[in-house]
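Coordinate inspection notes
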Amino acid sequence: MSGGASVYNAIQNSKMKKDAFNNRLKIEVIPSKRNKYKSHIFAFCLKEGCYEIEDINNKIAKELSQVNNKYGTQLIFSVRIDPVDFRTYIKCNGILQFNTQYSIAPVLGFKKIRCGPFHEACRSEKTANLNTINSIKVLCNIAHGSFNNQHQSHSIYEFFPSGRTGTKVVQSPSNLIYYRLNKIDINSITVQLVDQNNNPFDNFNETLTSVTLSLTGNATILSVNYFPSINLYEDSEIALLCLQSFNSFPNINENNNKFSIEIVDNENNNAPMMCYIKLEEGCYEIEDINQRVKKQIDVYNSENLTNITFDISVDPNDFRSYIKCNGVLHFEIPYSIAPVLGFEKRQYKPEYEILRSEKAANLNTINSIKVICNIAQGSFNNHLQSHSIYEFFPSGRTGSKVIQSPPNLKYYKLNKTNIDSITVQLVDQDHKPIDNFGETLTIVLHIKRYGS
């Protein structure tokens, strides 16, 4: 799916250094009897940047003024653009050597030839080409279904920043186009901006005062890589804006999923018959446990011609659990389910019609869920520093929607200002990773400058 994007138009149209190709201008002084610098050539090199015509004019005029002051020359240069046909007009009393390597001529709409002087404004043969990037593509590594010419691509959106340099670029497609995913188990996403030739480009690390980051996946660890990286101010801070998932955090696992039932008065006194119960890892309510146990007992009764009965319920007032069973309950075995049901780890004989647990049923083995963000700092877990930015407890029933939208946002300082990746993880009160059984998890973060 292509959604919305907000950046700044800071895409270079002039380069230098090893990959320079359009940033140089040479002006030759016209020989004269009074000018001792006969045939002297002055070279000007623009730094890599995002320029408008007036920026180019000001940069060259500034350097030319320094040359005139140093060498006593009287060179003049000015360039302007016609707002109607976008041709440029140059005035220069020297000879322009547009035929040199890495010439700026194509940017200004001129041919790569030696020309001038232009005592009157000379009009370019073509329109100025300040946009070396014809289109910007948004690539997403988990998407497929688009093509770049005959080749498959991960592109999910394409646009062109038509505003002036430095203006905000906001892309919110009115008609969303959806693309298929190439995977369903998503633990990281990489989004990248490239040009029409699928070449990465620079946006000069535009520093942002406010940015919203959304991470979605089917695990409790979400990671995203950003290219180009996000540049932030030193006093930037982060907060959880929203969290959405489902209450599918397991309360039964391999450490608390077993018990057994011994059959009373069986004919084989030397080897008592035992029905072993083992629940699969999952998120259970009492009625779920009751149904799963009964199902296993029915299978055992059918195979062994026994008549074990079992029923469990919970008191809605004090949350004690009640078990009715005609066999001996062995809750003392390893990895016993007893603590979950509120019982002690021991044997319970069918001395009474109904057994009442000593404690309230503990179906919530997770006391709290913490949202950990690797770029945040300033929180503590007991006496140890932590990356936690939010803590909550899912109080709804199993399978219910979990929505956390803090009314009062709590912001934490960042431990870095150049964000090329971010990882968010859900852990329990002991900082142990938790499982959500592949349910969709969406986390929205907000980063802003302190005090803004």
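In case you missed it, the structure is sitting above this.
These notes cover the structure that comes with them. Predicted, not measured: the structure shown is a model, and the values here were computed from it.

A closer look at a negative patch on the surface
Side chains of Glu254, Glu280, Glu281 and Asp435 sit close together on the surface and give a patch of like negative charge. For aspartate 435, the position within the fold is in the loop between strand E35 (418-427) and strand E36 (441-449). On the basis of relative accessible area, aspartate 435 is assigned to the partly exposed category, the value being 35%.

Let's talk about the sheet that holds strand E27 (residues 355-360)
One open sheet accounts for three strands, arranged E23-E24-E27; its pairing is antiparallel. The strands lining the two open edges of the sheet, one partner per strand, are strand E23 (310-314) and E27. Strand-to-strand twist in this sheet, taken as the mean axis angle between neighbours without regard to direction, amounts to 20°. The pairing of strand E24 (residues 320-325) with E27 spans three bridges and is classified as antiparallel. Paired with arginine 320 across the two strands is alanine 360, which belongs to E27.

Observations concerning the sheet that holds strand E8 (residues 118-127)
By definition, the strands of a sheet pair up through backbone hydrogen bonds, in either a parallel or an antiparallel sense. Taken in spatial order, the three strands make up an open sheet running E4-E5-E8, and their pairing is antiparallel. Looking at strand neighbours, the two that pair on one side only are strand E4 (77-81) and E8, the edges of this open sheet. Ignoring strand direction, the axes of neighbouring strands in this sheet form an average angle of 20°. Pairing analysis gives five bridges linking E4 to strand E5 (residues 87-92), with the strands arranged antiparallel. Bridge pairing in E5 links phenylalanine 77 to cysteine 92.

Calculation criteria
- Residues numbered from 1 in each chain as written.
- Predicted model: local features only at pLDDT ≥ 70, side-chain atom pairs only at ≥ 80, totals over all residues.
- Heavy atoms only, no water.
- Patch = residues over 30% accessible without salt bridge, like charges linked within 9 Å, V, L, I, M, F, W, Y side chains within 5 Å.
- Areas by Shrake-Rupley, 256 points an atom, 1.4 Å probe, with all protein chains shown as cover.
- Salt bridge = Lys/Arg side-chain N within 4 Å of Asp/Glu carboxyl O.
- Lys, Arg positive; Asp, Glu negative; His and termini not counted.
- Charge placed at Lys NZ, Arg CZ, Asp CG, Glu CD.
- Helix = DSSP H or I, 4+ residues; strand = E, 2+ residues; numbered from the N terminus.
- Buried < 20%, exposed > 50% of the residue type's maximum accessible area, 1.4 Å probe, protein only.
- Pairing = 2+ DSSP bridges.
- Axes fitted to C-alpha atoms, helices over the stretch in contact; angles between N-to-C directions.

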